[in-house]
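Examination of the molecular architecture
Residues per chain, in single letters:
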Amino acid sequence: AQSVSQHNHHVILSEAASLELGCNYSYGGTVNLFWYVQYPGQHLQLLLKYFSGDPLVKGIKGFEAEFIKSKFSFNLRKPSVQWSDTAEYFCAFRSNDYKLSFGAGTTVTVRA
Amino acid sequence: DAMVIQNPRYQVTQFGKPVTLSCSQTLNHNVMYWYQQKSSQAPKLLFHYYDKDFNNEADTPDNFQSRRPNTSFCFLDIRSPGLGDAAMYLCATSLRDGAYEQYFGPGTRLTVT
């Protein structure tokens, strides 16, 4: 079965610290990969996506993610977080049809 | 500028009393999706419409139905809500399926008493 696993349920860090959130998927074929973010009280919105080409993709607000096919991973990174990055982050992938499969999410709390 | 609108944002219903959640979009997208998200869990796709074509997920309970009377609107009907149906319900749209970004609404939080 296709699935997505996010390694951390809750991450707490200080402003200016670096952030890396792990995401692994299980599917042997071609995938499209996404990171969505949900700020407190707001709707899910797209941070970045990978379809093909350069495995290092850059998204909004200074986020980037690297697709490593051999590891079935798509980890999200930001070199220096801000208090406003406090949110829930969801990794998702699409295999060969319309369906997005989401991970359970990681809550990130940034302390000022 | 709201693009995917869900009403109401909070809905309380009684056990067994039918309830309808509403979603509308100003994007003119072909596809509309309904997800269920329980606390600390991933959003789970219930079904989607590609234009007028309805696609139900295999594990979506029969208790959940949907209607899409036109491009802009889509409804989620829960015929006999149980306590286990309390969740956040998310509506999303995409221009077409698959490769296109999904745009999410703010969700409706359903409480069943």
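Residues numbered from 1 in each chain as written. Chains lettered and ligands numbered in written order. Predicted model: local features only at pLDDT ≥ 70, side-chain atom pairs only at ≥ 80, totals over all residues. Heavy atoms only, no water.

Turning to the interface of chain A and chain B, a few remarks are in order. Residue-level contacts link 18 residues of chain A with 20 residues of chain B. Taken together, the two surfaces of chain A and chain B that pack against each other cover about 1600 Å², and 60% of this comes from carbon and sulfur. At the boundary of chain A with chain B, the tally comes to one residue pair in polar contact (both at pLDDT 80 or more). Where the side of chain A that touches chain B is concerned, the elements lending two or more residues are strand 5 (32–38), strand 10 (87–94) and strand 11 (100–102) of chain A. No other element matches strand 5 of chain A, which puts three residues into the side of chain A that touches chain B. (Contact = heavy atoms within 4.5 Å. Buried area = accessible area lost by both parts, 1.4 Å probe. Polar contact = N/O pair within 3.5 Å; in protein donor to acceptor, adjacent residues only side chain to side chain. Helix = DSSP H or I, 4+ residues; strand = E, 2+ residues; numbered from the N terminus.)

With that out of the way, let us pick up the packing of aromatic side chains. Residues and elements named next belong to chain A. In total, this model carries 20 aromatic pairs over all chains according to the counting rule given. Taking the centre distance of 6.2 Å and the plane angle of 40° together, the rings of Tyr27 and Phe93 count as tilted. In this pair, Tyr27 sits in the loop between strand 4 (23–26) and strand 5 while Phe93 sits in strand 10, placing the two residues 66 residues apart along the sequence. With a relative accessible area of 23%, Tyr27 lands in the partly exposed category. Its relative accessible area of 0% is what places Phe93 among the buried residues. (Phe/Tyr/Trp six-rings, centres within 6.5 Å; stacked < 30°, edge-to-face > 60°. Buried < 20%, exposed > 50% of the residue type's maximum accessible area, 1.4 Å probe, protein only.)

Moving on to the pattern of salt bridges. Considering all chains together, one arrives at six salt bridges over all chains under this definition. A:Asp85 is the partner of A:Lys78 in a salt bridge, and the nearest nitrogen-oxygen pair spans 2.9 Å. Among the salt bridges present, the one from B:Asp59 reaches B:Lys44, with a minimum N-O distance of 3.5 Å. One end of the pair, B:Asp59, is in the loop between strand 6 (53–56) and strand 7 (64–67); the other, B:Lys44, is in strand 5 (residues 44–50), and 15 residues separate them in sequence. Of the residues examined, B:Lys44 reaches a relative accessible area of 31% and is grouped as partly exposed. One network of salt bridges, in which partners are shared, links A:Lys58, A:Glu64, A:Glu66 and A:Arg77. (Salt bridge = Lys/Arg side-chain N within 4 Å of Asp/Glu carboxyl O.)

The next thing to look at is the nonpolar core. Ranked by size, the top nonpolar core spans 28 residues in total, and within it A:Trp35, A:Leu48, A:Phe74, A:Leu76 and A:Tyr89 carry the most contacts. For this core, the leading source of residues is strand 10 of chain A, giving four residues. Apart from the residues lying within four places of it in its own chain, the contact partners of A:Leu76 are A:Leu19, A:Glu20, A:Leu21, A:Trp35, A:Leu47, A:Leu48, A:Phe63, A:Glu64, A:Ala65 and A:Tyr89. Core analysis: the next-biggest nonpolar cluster, separate from the first, contains 18 residues, B:Val4, B:Leu21, B:Cys23 and B:Leu110 among them. (Core = buried A, V, L, I, M, F, W, Y, C linked by side-chain atoms within 4.5 Å.)

Turning our eyes to something else, we now look at the state of the cysteines. All names here are of chain A. Tallied over the full model, the rule gives two disulfides over all chains. With a sulfur-sulfur separation of 1.9 Å, Cys23 is cross-linked through a disulfide to Cys91. With the S-S bond torsion at -65°, the cross-link from Cys23 to Cys91 turns out left-handed. In this pair, Cys23 is assigned in strand 4 and Cys91 in strand 10, connecting sequence segments 68 residues apart. Note on Cys23: relative accessible area 0%, which makes it buried. (Disulfide = S-S within 2.5 Å.)

In this section: the sheet that holds strand 1 (residues 4–7) of chain B. Residue and element names in this part refer to chain B. Ordered in space as 1-3-8-7, the four strands form an open sheet in which the pairing is antiparallel. Each end of this open sheet is capped by a strand with a single partner; those strands are strand 1 and strand 7. On average, each strand axis in the sheet is tilted by 20° relative to the strand beside it, whichever way the strands run. The sheet contact formed by strand 1 and strand 3 (residues 19–25) spans four bridges and is antiparallel. The partner of Asn7 across the bridge, within strand 3, is Ser22. (Pairing = 2+ DSSP bridges. Axes fitted to C-alpha atoms, helices over the stretch in contact; angles between N-to-C directions.)

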